[in-house]
Amino acid sequence: MPTRWIPYVKVLVHFVCLLPFLKLLQQFQSGAMGLMADPVHWITLFTGYWTLFLLLTSLAVTPVRRLHPKLANLIRLRRMLGLYAFFYATLHLATYVFLFSGYDLATVIAGVRAGHPGIVVDEWKRIWPTILDDIQKRRFIQVGFLAWVLLLLLALTSPAFIMRAMGGKAWRRLHTMVYIAAIAGCIHYWWLVKTGVRTPLPFTLVLTVLLLARIVWSALKRRRAPVPLPSRPVAAG
């Protein structure tokens, strides 16, 4: 892919990545969510699906670009895809906090408009014991929250100036944790759905292939690395 195409490709990728969010807005504004049997469940699955889809797409960039030198510029899209994955992961978490846990968002908005901003904290204090109890009891929430925290850490350290401050080696070591986040995300999905539901399987298979590709590439890289020659002892003079 020629370098001159990159700005146009980025615009296209931005548009495609925003389409699911635009669909959410459209469903809300049209009132279609009100016709759903369980709109909160639908939003939860929808945002979770796109989180995993974009996260695995970002992980696929590196092995795909290795297939041919002309695909090398794809690496410039990986950060963008990862940040969009974090964006949908945050929407996924927000769905739980503001819609599922009992946070009265309508009351909070009305209170803020009436000049009582403290209601934001008061409402949070009210639901915090419920959230804490859920975290302690439900393992799918534990592993899902772990995945979000890892994605948050990776998003905060994604800018180039932070990479320079950390040093390339330390930065790359930290960002391999994206695989842990992806594994945790797939486990979260399996534990979230009912027994017998196989919708997480495609994501799990894709992640398995990506992990195997990374292992194979690392093994080939070590094999191709030149073996250092043994140093000769210096004769005593």
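Here the structure is a predicted model, which means the values were calculated and not measured.

Focus: a positive patch on the surface
1) Next: Residues Arg66, Arg78, Lys169, Arg172, Arg173, Arg214 and Lys221 make up a contiguous surface patch of positive charge.
2) Next: Counting only elements with at least two residues in the positive patch, the list comes to helix H8 (168–175) and helix H10 (201–224).
3) Next: It is H8 that provides the largest number of residues to the positive patch, a total of 3 residues.
4) Next: Structurally, Lys169 is set in helix H8.
5) Next: The exposure class assigned to Lys169 is exposed, which follows from its relative accessible area of 61%.

Brief notes about the packing of helix H2 (residues 39–65) against H10
The description of two packed helices rests on the angle between their axes and on the distance between the axes.
1) Next: For the pair H2 and H10, interaxial distance at closest approach is 10 Å and the crossing angle is 25°. Taken together, the axes of H2 and H10 are roughly parallel relative to one another. Helix-helix and strand crossings are classified by hand; for H2 and H10 the assignment is left-handed. Between H2 and H10, the contacting residues are Tyr49, Leu52, Phe53, Leu56, Leu59, Ala60 and Pro63 on the first element and Phe203, Val206, Leu207, Leu210 and Ala213 on the second.
2) Next: Here the residues of the contact of H2 with H10 are counted per class, giving 12 nonpolar, no polar and no charged.

Focus on the packing of helix H1 (residues 6–30) against helix H3 (residues 75–100)
1) Next: Interhelical geometry of H1 versus H3 gives an angle of 10° and a closest axis separation of 11 Å. The orientation of H1 relative to H3 falls into the category roughly parallel. Taking contact as the criterion, the partners of Ile6, Val9, Lys10, Val13, His14, Cys17, Leu18, Pro20, Phe21 and Leu24 in H1 are, on H3, Arg76, Leu77, Met80, Leu81, Tyr84, Phe87, Tyr88 and Leu91.
2) Next: Looking at the contact of H1 with H3 residue by residue, the class counts come to 15 nonpolar, 1 polar and 2 charged.

A few points about the packing of aromatic side chains
1) Next: All told, the structure shown has 13 aromatic pairs when counted by the stated rule.
2) Next: Ring centres 5.1 Å apart and planes at 70° place the aromatic pair Trp50 and Phe53 in the edge-to-face group. With Trp50 and Phe53 both in helix H2, this residue pair falls 3 residues apart, about one helical turn.
3) Next: The interplanar angle of 85° and the centroid separation of 5.0 Å between the aromatic rings of Phe98 and Tyr103 together place this pair among those described as edge-to-face.
4) Next: Classification of Tyr103 by relative accessible area gives buried; the value is 7%.
5) Next: Site record: aromatic cluster; members linked through ring pairs are Tyr49, Trp50, Phe53, Tyr189 and Phe203.
6) Next: One cation-aromatic arrangement involves Arg139 over Trp191; the distance from NZ or CZ to the ring centre is 4.0 Å.

Regarding empty space enclosed by the protein
1) Next: Summed over the entire model, instances satisfying the criterion amount to 1 cavity of 30 Å³ or more.
2) Next: Here the largest cavity is characterised by a volume of approximately 50 Å³.
3) Next: Lining of the largest cavity is provided by Thr62, Pro63, Arg66, Tyr179, Leu210, Ala213 and Arg214.
4) Next: Secondary structure elements with two or more residues in the lining of the largest cavity: H2 and H10.

Focus on the pattern of salt bridges
1) Next: Overall, the coordinates contain 3 salt bridges when judged by the stated rule.
2) Next: A salt bridge links Arg126 to Glu123, with the nearest nitrogen and oxygen atoms 2.4 Å apart. With Arg126 and Glu123 both in helix H5 (residues 119–137) and 3 residues apart, this pair spans about one turn of that helix.
3) Next: With its nearest N and O atoms 3.3 Å apart, the salt bridge here joins Lys137 to Asp133. Of this pair, Lys137 and Asp133 both sit in helix H5, separated by 4 residues, roughly a single helical turn.
4) Next: Among the residues examined, Lys137 registers a relative accessible area of 63% and is labelled exposed.

Criteria and cut-off values
- Residues numbered from 1 in each chain as written.
- Predicted model: local features only at pLDDT ≥ 70, side-chain atom pairs only at ≥ 80, totals over all residues.
- Heavy atoms only, no water.
- Patch = residues over 30% accessible without salt bridge, like charges linked within 9 Å, V, L, I, M, F, W, Y side chains within 5 Å.
- Areas by Shrake-Rupley, 256 points an atom, 1.4 Å probe, with all protein chains shown as cover.
- Salt bridge = Lys/Arg side-chain N within 4 Å of Asp/Glu carboxyl O.
- Lys, Arg positive; Asp, Glu negative; His and termini not counted.
- Charge placed at Lys NZ, Arg CZ, Asp CG, Glu CD.
- Helix = DSSP H or I, 4+ residues; strand = E, 2+ residues; numbered from the N terminus.
- Buried < 20%, exposed > 50% of the residue type's maximum accessible area, 1.4 Å probe, protein only.
- Axes fitted to C-alpha atoms, helices over the stretch in contact; angles between N-to-C directions.
- Parallel < 35°, antiparallel > 145°, perpendicular 65-115°, else oblique.
- Left-handed = near helix turned anticlockwise from the far one by under 90°.
- Contact = heavy atoms within 4.5 Å.
- Nonpolar A, V, L, I, M, F, W, Y, C, P; charged D, E, K, R; others polar.
- Phe/Tyr/Trp six-rings, centres within 6.5 Å; stacked < 30°, edge-to-face > 60°.
- Lys NZ or Arg CZ within 6 Å of the ring centre and 35° of its normal.
- 1 Å grid on protein atoms, 1.4 Å probe; cavity = no way out; pocket = protein on both sides within 12 Å on 5 of 7 lines; lining within 4 Å.
- Points joined across faces, edges and corners; volume = space filled by probe spheres on them.

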